[in-house]
Amino acid sequence: MANKEQENAGMEFTMSRRKFLGLSAAGLGGVVAAGAGFEKLQAYAASYGSDVKTTIQNGEVHSLCEMCVWRCGLIAKVREGKIVKLEGNPHHPHSRGKLCPRGQAGLGQTYDPDRLKWPLIRTGKRGEGKFKKVTWGEALDYTAQRMLDIKKRYGAHSIIFSTTHNLIQQQFENLLWAFGSPNYGTQRGLCFNSMITANKLTYGFDEPGRDYKNTSYIIYAGRNLFEAISNSETQDLVEALSKGVKVVVLDPRFSKTAARATEWLPVRPGTDLAFFLAMIHEIVRNDLYDKEFVSKYTVGFEELEQEIRDYTPEWAERQCEIPAETIRRIAREFAIASPRAFAHPNWRTSNFINSFQTERAIAVLNAIIGNWEKTGGQCPLEGEEGGVELGTIPQPPYPRIRALRLDGVPWKYPTVPLKLGIFQNLRDAILSGKPYQAHGWFIYRQNPLSSISDRRKTLQALAKLDFIAVTDILMNDTAYYADVVFPEATYLERYDPLAQVEGSVYLRQPVIEPLFESKPGLWIFKELGIRLGLKDYFNYADEEDYIRAQLKPLPITLEELKETGHYRPPQEEEEKAEQPPVFQTASGKIEISSSVLEKLGHNPVPHWEEAPRPEENQFYLLTGKVAVHTQFSTQNNQLLHDLFPTNPVWIHPLAAEKYGIEDGDEVFVESRVGRVKTHAMVTEGIRPDCLFMVPGFGHISKGLRTAFNQGVSDSDLHETITDPISGSQALSQTFAKIYKA
Ligand code: SF4
């Protein structure tokens, strides 16, 4: 098999950069169109009645974007009472005056013709799409009654609460802990648990920051910043490239980031670990590491030296199919560039069964070149917490929760942080009924039917539950299967709790009043809390009252904050003496050898773990973002849909020829858990042993009239494979066949 794959690797990637950029021109053109789609945005705004109330008739409102989790500062332009344009706030560090295409198209979400308009209660069978319009009072009373019935019969722990990463997360958790359930799900387990767990065990915190301004060498392996846009970091990379910084990208696909990098290495999927272990080997063997830093600030270097003895570049070449000489050269370049160099911890690297080891190897590679808190190296990540101390609202302590968590954290997965959890395990626990049966699911701004792998299983799990409540802006796929659906106000229509970035306080505030009968999350949780007998946990009159309480310790009023959207506290002038770095690990040092892993009986240093390889006639099935969509919630946005309406499967010409497939042909893609029919996109921008699909398509809710049945869902194909140490879902470990339909 190895020979077969080497053969595949031998299918030369002869495509020129110019040729690929030509192939992807449609996508880039689209981004430009989003920026120039002013007239279309105006038409959207105009299509809503004159009864829509804005905070101002003409002018600008400063707020925060929520088209992804990056929360850029925005300025909403209002003309004659309608929002007509969204621009980046130059004073916000995440936007620096620019919004990405998704952010610019935020109006398409607020003015989506498919917005949920009022609360709904299901009348037909689950998934039949039959609901009746009810009042908020009816929907909330009904939900509270069903939740209290379940609590009485089976205990509070038998209701799962899940949400995304958002500004109101603290109030969502308030509802969960006050109700008394330990079962909390976020999407992190589907995203980058292995990255965070590895960094926590190595450095003692979630993710390091990076000094792009002063760096001279960057290595990415599974971070595609030109498509999976994190606005400010993407801008940092653009600037670094313009200054001539060397950028190396490991990716089985010729992504837009690879296209702009100095060097693209089409690594065999799941073997980045071998590349990084061989880099460590080269740097250590040739004494290119920072001896002083290693001896002062790390523990476990001797064990590492032993472990990496056999991880030579020649060995790595057999695994990752990157020539040994290239690995050797990059290791040397990286070490010479240090400490103005970093290997990025990445996100997509989290998608293999050995990704925890890959992330550990990256963390250790950075540690041994001594780039911590050095110009151009790594640094503590700007925290959202910290900064100024905000006011809180008094409330009673939470009830004691004794039940085990259904996702197995920490009793089965002791290294997984509680706040991350393992989302896919919640679904599987509903199906197995172990360690106990769940009966209800309260879902806030999430769409598990699209996000969790193996959709058939998720449908079975939903069918097993007594009660499902979903809060969203649109009738997402999971809402379509719910018993109650609450319509939430969009981020342009509501307040959220305050955000803190780089020591400043930022406000999300309504630009227009909520359309139809939609309501803000702060209102929904409070009203539901009151009906659940938890009134004392929601001691605020309304959203403004909540924010006033947060602002109480600060010398600024809500009215003043509304003007500029942010408050910057006076900066301390005094020069702080340089402090030695502190790491929140058991040893207080960077743990090259992890004391936690050792205690749990795992190999404490990064080591090679072979990930399974596809069989003959199977391909690695890869997924990844595009610039105009978030993973699951933008496909119905008409502005974005126009730019990127569907998701064909990418296949290399050599593989296409082998299977008699031509560009545009209808094909079946089939894995062990499902099969989808889609179109082939034949491109040299992918390795011959891989297929690639953009996620988030193939919606099954008929309430999404734009996105329904457009493209196919990767969740129909992905198997559920969970890394036992970090709880990460190994999405890219699914192998698939392809054949003509
Ligand atoms: Fe909005 Fe784009 Fe910023 Fe995300 S990165 S918050 S979508 S502008």
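Worth saying up front: this structure is predicted, and the values here are computed from it rather than measured.

Conventions we followed
Starting from 1, residues in each chain are numbered consecutively following that chain's sequence as written. At least 70 in pLDDT is required for a residue's local features to be given in this predicted model, at least 80 for side-chain atom pairs to be given and counted, and no such filter applies to totals for whole chains, interfaces and linings, which use all residues. Excluded from the side-chain calculations are hydrogens and water; all other atoms, namely the structure's heavy atoms, are used. Every helix listed is a DSSP run of H or I at least four residues long, and every strand listed is a run of E at least two residues long, numbered separately from the N terminus. The size measure is the radius of gyration over C-alpha atoms, and the globule rule it meets is 2.2 Å times the number of residues to the 0.38 power. Only protein chains enter the calculation, and the probe is 1.4 Å; a residue is then buried if its accessible area is under 20% of its type maximum, exposed if over 50%, and partly exposed in between. Any two residues whose heavy atoms approach within 4.5 Å at even a single point are treated as in contact. All accessible areas in this document rest on Shrake-Rupley with a 1.4 Å probe, and a residue is counted as covered only by the protein chains that are shown. Counting rule for charge: Lys and Arg are taken as positive, Asp and Glu as negative, and neither His nor the chain ends is counted. Charge coordinates come from a single atom per side chain, which is NZ of Lys, CZ of Arg, CG of Asp or CD of Glu. To be clear, the arc concerns the directions from the helix axis to the C-beta atoms. Take the buried Ala, Val, Leu, Ile, Met, Phe, Trp, Tyr and Cys residues and link them wherever side-chain atoms come within 4.5 Å; each set so joined is a nonpolar core. We call a residue near a given molecule or strand whenever any one of its heavy atoms falls within 4 Å of it. Buriedness for pockets is judged along seven lines, at least five of which must meet protein on both sides within 12 Å for an open set on the 1 Å grid over protein atoms alone, while cavities are sets there where a 1.4 Å probe fits but cannot get out, and lining residues have an atom within 4 Å of a point. Just a note on the criterion: a molecule sits in a pocket or cavity if more than half of its atoms are within 2 Å of the grid points. Gly counts as polar in this scheme, as do all residues outside two lists: the nonpolar Ala, Val, Leu, Ile, Met, Phe, Trp, Tyr, Cys and Pro, and the charged Asp, Glu, Lys and Arg. The pairing criterion for strands is at least two bridges between them, as found by DSSP. The definition of a right-handed crossover adopted here requires that, viewed with the strands pointing away, the path from the first strand over the helix to the second runs clockwise. Axis lines are fitted through C-alpha atoms, for helices just across the contact stretch, and the angle between N-to-C directions can take any value from 0 to 180 degrees. An angle below 35 degrees is treated as roughly parallel, one above 145 as roughly antiparallel, one from 65 to 115 as roughly perpendicular, and anything else as oblique. Take the far helix as your reference; a near helix turned counterclockwise from it by less than a right angle gives a left-handed crossing, and one turned clockwise gives a right-handed crossing.

Chemist: Which residues make up the overall build of the chain, and what values do they have?
Modeler: In terms of regular secondary structure, the chain is built from 26 helices and 27 strands. A globule of 741 residues ought to have a C-alpha radius of gyration of about 27 Å, and the chain, at 25 Å, matches this closely. In terms of overall dimensions, the chain has C-alpha extents of about 70 × 70 × 55 Å along its principal axes. Looking at the chain as a whole, 62% of its 741 residues qualify as buried. Taking as baseline every contact in the chain between residues at least 6 positions apart, the subset at least 24 positions apart corresponds to 74%. Just so you have it, the chain exposes about 28300 Å², and 51% of that area is on carbon and sulfur atoms. Counting 85 positive and 92 negative side-chain charges, the chain places the averaged centre of each group 4 Å from the other.

Chemist: So what's going on with helix 15 (residues 313–320)? Residues and values would help.
Modeler: Every α-helical turn comprises 3.6 residues, leaving residues that sit three or four positions apart pointing alike. Those residues of helix 15 that sit buried are Pro 313, Trp 315, Ala 316, Gln 319 and Cys 320. On an axial view of helix 15, the arc spanned by its buried residues comes to 150°, and they lie on one face. Check the buried side of helix 15 and you find it contacts helix 12 (272–285) and helix 16 (324–337). Of the residues trailing helix 15, Glu 321 is marked for its positive phi of about 65°.

Chemist: Please set out the nonpolar core residue by residue, giving values where relevant.
Modeler: Counting 49 residues, the largest nonpolar core has Met 147, Phe 161, Leu 175 and Phe 442 as the members making the most contacts within it. It is helix 7 (residues 136–154) that contributes the most residues to this core, 6 residues altogether. Excluding residues that lie within four positions of it along the chain, Met 147 makes contacts with Ile 159, Phe 161, Phe 179, Phe 442, Phe 467, Leu 528 and Leu 532. The next biggest cluster of nonpolar side chains, apart from the first, holds 43 residues, and it includes Tyr 289, Tyr 311, Ala 331 and Trp 608.

Chemist: Requested: an account of the site of the ligand, with residues and values cited.
Modeler: Close to the ligand lie Cys 65, Met 67, Cys 68, Trp 70, Arg 71, Cys 72, Leu 99, Cys 100, Arg 102, Gly 103 and Asn 231. Of all the cavities here, the one that holds the ligand is the largest cavity. Along the lines of polarity and charge, the residues of the shell around the ligand split into 7 nonpolar, 2 polar and 2 charged.

Chemist: Account for the pairing of strand 6 (residues 159–163), with residues named and values stated.
Modeler: The buried count for strand 6 comes to 5 of 5 residues, which makes it a mostly enclosed element. What you see with strand 6 is no split at all: Ile 159, Phe 161 and Thr 163 on one side and Ile 160 and Ser 162 on the other are buried throughout. Pairing of strand 6 with strand 7 (residues 184–185) involves 2 bridges; the strand directions are parallel. For Phe 161, the partnering residue across the bridge sits in strand 7 and is Tyr 184. Crossover handedness for the path strand 6 to helix 8 (residues 169–179) to strand 7: right-handed.

Chemist: For the packing of helix 15 against helix 16, give the residues involved together with the corresponding values.
Modeler: In contact at an axis separation of 8 Å, helix 15 and helix 16 are set at 120° when each is read in the N-to-C sense. It follows that helix 15 is oblique to helix 16 by the angle criterion. Once helix 15 is placed against helix 16, the crossing between them reads as right-handed. For the pair formed by helix 15 and helix 16, the contact residues are Pro 313, Glu 314, Ala 316, Glu 317 and Cys 320 on the first element and Ala 324, Ile 327 and Arg 328 on the second.

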